[in-house]
Amino acid sequence: MAYDDHLEAEFQSNDRRKREAREAAEAAKKIKVKIVRVRAMIDPQHDLFNVEIVSTTGEWRETVGSEADLRLLLKGIEAGAAMVGGHATIGDIPTEPLLL
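Going along each chain's sequence as written, the residues are numbered from 1 onward. Residue-level local features of this predicted model are given only where pLDDT is at least 70; pairs of side-chain atoms are given and counted only at 80 or more, and the full residue set underlies all totals for whole chains, interfaces and linings. Remark: hydrogens and water are excluded; side-chain values derive from all non-hydrogen atoms of the structure.

### Some words on the confidence of the model for the protein
Across the chain, each position has a pLDDT score giving the predictor's confidence in that residue, from 0 to 100. On average, the protein scores 84 in pLDDT, and the residues at 70 or more come to 91%. Only DSSP runs of H or I reaching four residues or more are called helices, and only runs of E reaching two or more are called strands; each is numbered from the N terminus. Highest mean pLDDT in the protein belongs to strand β3 (residues 58-64) (93); lowest belongs to helix α1 (residues 2-28) (73).

As structure tokens, this is what we get:
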């Protein structure tokens, strides 16, 4: 009986590890994106976009110099999330800048 109990405990342990790995993989597929428009007070004035990308696997920041570049970056983030069966939650593109 002791050997059977040992096997049952091993099966439960393996199931628990598989479940935890599956839950971690699902959590990693969720990406949140926050965008901040910043106006650089130079001549001429120029808006920059600070982008913060957060997932359970890490966090990084990008700065892009135009709304066209921002849209390309966001498409890339969405495509990357879709490739792993995930989803990117992207905030609105702000219309009012913060002043530097």
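Read on, since the account is not over.
### Comments concerning the pattern of salt bridges
Salt bridges are counted wherever a side-chain nitrogen of Lys or Arg sits within 4 Å of a carboxyl oxygen of Asp or Glu. Considering all chains together, one arrives at six salt bridges under this definition. Of the charged contacts in the structure, one is a salt bridge between Arg61 and Glu59, with a shortest N-O distance of 3.0 Å. Owing to a relative accessible area of 56%, Arg61 belongs among the exposed residues under this scheme. Summary of the burial criterion: residues with accessible area below 20% of their type's maximum are buried, those above 50% are exposed, and those between are partly exposed, where the area comes from a 1.4 Å probe applied to protein chains only. What makes Glu59 partly exposed here is its relative accessible area of 46%. Linking Glu67 and Arg71 is a salt bridge whose minimum nitrogen-to-oxygen distance equals 2.8 Å. With Glu67 and Arg71 both in helix α2 (residues 67-83), this residue pair falls four residues apart, about one helical turn. Given the relative accessible area of 45%, Arg71 is considered partly exposed.

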